[in-house]
Each structure stands twice: as structure tokens, then as C-alpha cells.
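Listed below are the residues making up each chain.
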Amino acid sequence: MCDYIQREYACRHYRWIASSWCREYAITHKRCTPNVAHFEHKDIDCGECKSRKRGAVPWEHMIRRDKSQVY
């Protein structure tokens, strides 16, 4: 089994970060059952929430976008 770190952020989102890959994954690159070997809590928001709180960049009005496409 591959060892993972479970990280919880202040925004209550979780991320699982691989700390070490097992031999089987190194050979086949097929994911196996994760084994959470360590848990940590960060007092900051995750990257997704940080970017949402920041809002648009000051030069957003200078970027020409096709209004029919949804990003």
C-alpha cells in the first residue's frame, strides 16, 4: 500500500498527498488502496479557496474572452 498524508485546511477541505509509493505502484503505476500514515492540520485555506477569496486580477478587464464559452 502507498502511504499518504491527509491534510485538512482551515476551510475544511481535505487533500491526500502521497508520502511514499509502494513497490507495486512503482512498477505498474496502478493506484492501490491508500494508507493514511500521517494526519496534519493547516491553519490556512487550500489553494482553491484562496483564489476564490482573492477575486479577479486587476488586469482582468484587458483580457478578451469569448462570452459564449463558460470557464
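Position numbers for residues start from 1 in each chain and track the written sequence from start to end. Under the rules for a predicted model, residues below a pLDDT of 70 receive no local features and side-chain atom pairs below 80 are neither given nor counted, while totals for whole chains, interfaces and linings still include all residues. Think of the side-chain values as coming from all heavy atoms in the structure, minus any hydrogens and water.

1. Considerations on the overall build of the protein chain
Inference 1: Every helix listed is a DSSP run of H or I at least four residues long, and every strand listed is a run of E at least two residues long, numbered separately from the N terminus. Regarding its fold elements, the protein chain presents two helices and three strands.
Inference 2: Written out in order from the N terminus, the α and β elements of the protein chain read β-β-α-β-α.
Inference 3: What the globule rule says is 2.2 Å times the number of residues to the power 0.38, and the radius of gyration is computed from C-alpha atoms. Taken over C-alpha atoms, the radius of gyration comes to 18 Å for the protein chain, far larger than the 11 Å a tight globule of 71 residues would show.
Inference 4: Along the first, second and third principal axes, the C-alpha set of the protein chain runs to 50 × 30 × 15 Å.
Inference 5: Total accessible area on the protein chain stands at roughly 6,200 Å², and carbon and sulfur atoms take up 52% of it.
Inference 6: Each charge sign in the protein chain was given a centre, from 14 positive and 9 negative side chains, and these centres are 4 Å apart. In short, Shrake-Rupley with a 1.4 Å probe defines the accessible areas, and a residue's cover is counted only from the protein chains shown. His is not counted here, nor are the chain ends, while Lys and Arg score as positive and Asp and Glu score as negative. Here the site of a charge means atom NZ of a Lys, CZ of an Arg, CG of an Asp or CD of a Glu.

2. A look at the sheet that holds strand S1 (residues 2-8)
Inference 1: DSSP calls a pair of strands paired once it identifies at least 2 bridges connecting them. Taken in spatial order, the three strands line up as S2-S1-S3 in an open sheet, and their pairing is mixed. What marks the edges here is a single partner per strand, and that holds for strand S2 (14-20) and strand S3 (34-41). Between one strand and the next, the sheet's axes are offset by a mean angle of 30°, whatever the strand orientation.
Inference 2: Note: S1 against S2, six bridges, orientation antiparallel. Of the residues in S2, the one forming a bridge with Arg-7 is Arg-15. Axis lines are fitted through C-alpha atoms, for helices just across the contact stretch, and the angle between N-to-C directions can take any value from 0 to 180 degrees.

3. Quick look at a nonpolar patch on the surface
Inference 1: Surface patches are defined over residues having more than 30% relative accessible area and no salt bridge, joining like charges when they lie within 9 Å and nonpolar side chains (Val, Leu, Ile, Met, Phe, Trp, Tyr) when within 5 Å. Salt bridge, as used here, is a side-chain nitrogen of Lys or Arg placed within 4 Å of a carboxyl oxygen of Asp or Glu. A grouping of Tyr-14, Trp-16, Val-36 and Phe-39 is seen on the molecular surface, where their side chains present a nonpolar patch of about 410 Å² in accessible area.
Inference 2: Broken down by secondary-structure element, the contributors of at least two residues to the nonpolar patch are S2 and S3.
Inference 3: Positionally, Tyr-14 belongs in strand S2.

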